[in-house]
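Working through the structure, step by step
What follows is each chain in one-letter form.
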Amino acid sequence: MQPLYSFVIPVYNEETNLPELYRRLNATGDRLGGKIEIILINDGSRDRTLSILRDLHSQDRRVCYLSLSRNFGHQIAVTAGLNFARGQAIIVMDADLQDPPELALEMAQKWLDGYQVVYAQRSKRLKEGWLKRLPAYLFYRLLKRLADIDIPLDTGDFCLMDGQVVQMLNKMPEQNRYIRGLRSWVGLRQTAILFERDPRFSGKVKYTFAKSFSFAMNGLISFSRVPLRLSTYVGLLAAVAALIMACMVLYWRIVAPDSPLTGFATIMIAIFFLGAVQLVSIGILGEYIGRIYEEVKGRPLYVLAEVAGFEENKK
Ligand code: UDP
Ligand code: MG
């Protein structure tokens, strides 16, 4: 029996990319040696995206779409698509053609060889500005050091996953979803294929610096408790410093009464430094507590406004 491949693609204001995306997916589908379904998730677009999705669906029944009730964010849009995917292998990619659809052929080959996750790893990002590359470079290395699980360097969400892996992801209830981390958490047999990330086909980047930063924080906090421990370490260090200073003061009082300790500056520096350390620690604590709050509320991850193409669907 021929396998069914599901493409899961979040779309947010990508009207200019959709026709080309469809063209290349279609061509790739012909070469895959299986059936395909294309699941496009409209993440609250304000341009003509939704009407293009409707057109594509009426032309080609392999195109299914979900339309979320508002912008829920990239990770939630992917999650929605994964909930609806029916394939034995599921490919997640962006709609802006930065992830070349043709790479799915190579991924499918690895999957047939017995890997459950085939993720695309960026070999070079020469086509993106260094203002994006440098923080990304540093972040992925920091995450690797701090995370409890092994999250491979320089990988995004572009990957192929076996249906079994997607089933596991669908069981994970968290609101703060860092899919590339959750995917690593599942384990099983995973492998990388290297690729060079193309520039956007057209349109503007949707991840502003602030969005990317908060996304990175999510990743770090979801997969590491090291930041929480940081304040303990700094606290211990400050205690040791205080002890040393106490000894110095004692020594100067007894042995050298004309001490070099003329107070004000030292005291101010100490107060400000410790104040800063405490505030930062509270801030870090707040990040974790805020996430606990989000999780405890247990709201649904998204709201669907329109669904098409899943007539014999599961959900
Ligand atoms: N996207 C989305 N919701 C958002 C932001 C982005 O569905 O709130 C989609 C977007 O349409 C694209 C993918 O996520 O298909 C990646 O977005 P983008 O290209 O802006 O980010 P980058 O390439 O920098 O990761
Ligand atoms: Mg992009």
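Our subject in this report is the structure included herewith. All values reported here derive from a predicted model rather than from experimental measurement.

1. Here's the deal with the packing of aromatic side chains
Tallied over the entire structure, the rule returns six aromatic pairs. An aromatic cluster is built from Tyr178, Phe215 and Phe223, whose rings are joined through pairwise contacts. One cation-aromatic arrangement involves Arg189 over Tyr115; the distance from NZ or CZ to the ring centre is 4.5 Å.

2. A closer look at the packing of helix 6 (residues 163–171) against helix 7 (residues 179–186)
Remark: helix 6 packs on helix 7, axes separated minimally by 10 Å, with the N-to-C direction vectors making an angle of 115°. The two elements helix 6 and helix 7 cross, and the hand of that crossing is right-handed. The residues of helix 7 that touch helix 6, namely those facing Val165, Met168 and Leu169, are Leu182, Arg183 and Val186. Tallied by class, residues from the contact of helix 6 with helix 7 come to five nonpolar, no polar and one charged.

3. Quick notes on helix 6
Considered for burial, the residues of helix 6 that qualify are Gly163, Val165, Val166 and Leu169. The arc that holds every buried residue of helix 6, seen down its axis, measures 155°, which confines them to one face. Seen from the buried face of helix 6, the exposed residues on the opposite side, beyond 90 degrees, are Gln167 and Lys171. Elements in contact with the buried residues of helix 6: helix 3 (74–84), strand 4 (89–92), strand 5 (117–124), strand 6 (155–162) and helix 7.

4. Re the site of ligand 1
Around ligand 1 lies a shell of 19 residues, among which Glu14, Asp96, Gln98, Lys132 and Lys206 are the nearest. In this structure, Asp43 approaches ligand 1 through a side-chain N or O atom, which is 2.6 Å from a nitrogen atom. A distance of 2.9 Å separates an oxygen atom of ligand 1 from a polar atom in the side chain of Arg200. Within the complex, the protein chains bury 96% of what would otherwise be the 530 Å² of accessible surface of ligand 1.

5. A few points about the environment of Ala77
Considering the arrangement of structural elements, one finds Ala77 in helix 3. Along the sequence, Ala77 and Gly44 sit 33 residues apart, while their C-alpha atoms lie 9.6 Å from each other. For Ala77, the residues in contact, after removing those within four places along its chain, are Pro10, Ile41, Asp43 and Leu68.

6. What to know about the packing of helix 5 (residues 130–146) against helix 8 (residues 209–223)
In a pair of packed helices, the angle between the axes and the distance between the axes together describe the arrangement. It is the contact of helix 5 with helix 8, at a shortest axis distance of 10 Å, that shows an interaxial angle of 10°. Here helix 5 lies roughly parallel to helix 8, going by the angle between them. Contacts from Pro135, Phe139, Leu142, Leu143 and Leu146 of helix 5 reach helix 8 at Phe209, Ala216, Gly219, Leu220 and Phe223. Split into classes, the residues belonging to the contact of helix 5 with helix 8 amount to nine nonpolar, one polar and no charged.

Thresholds, definitions, all that
Residues numbered from 1 in each chain as written. Chains lettered and ligands numbered in written order. Predicted model: local features only at pLDDT ≥ 70, side-chain atom pairs only at ≥ 80, totals over all residues. Heavy atoms only, no water. Phe/Tyr/Trp six-rings, centres within 6.5 Å; stacked < 30°, edge-to-face > 60°. Lys NZ or Arg CZ within 6 Å of the ring centre and 35° of its normal. Axes fitted to C-alpha atoms, helices over the stretch in contact; angles between N-to-C directions. Helix = DSSP H or I, 4+ residues; strand = E, 2+ residues; numbered from the N terminus. Left-handed = near helix turned anticlockwise from the far one by under 90°. Contact = heavy atoms within 4.5 Å. Nonpolar A, V, L, I, M, F, W, Y, C, P; charged D, E, K, R; others polar. Buried < 20%, exposed > 50% of the residue type's maximum accessible area, 1.4 Å probe, protein only. Arc of directions from axis to C-beta. Near = heavy atom within 4 Å. Polar contact = N/O pair within 3.5 Å; in protein donor to acceptor, adjacent residues only side chain to side chain. Areas by Shrake-Rupley, 256 points an atom, 1.4 Å probe, with all protein chains shown as cover. Parallel < 35°, antiparallel > 145°, perpendicular 65-115°, else oblique.

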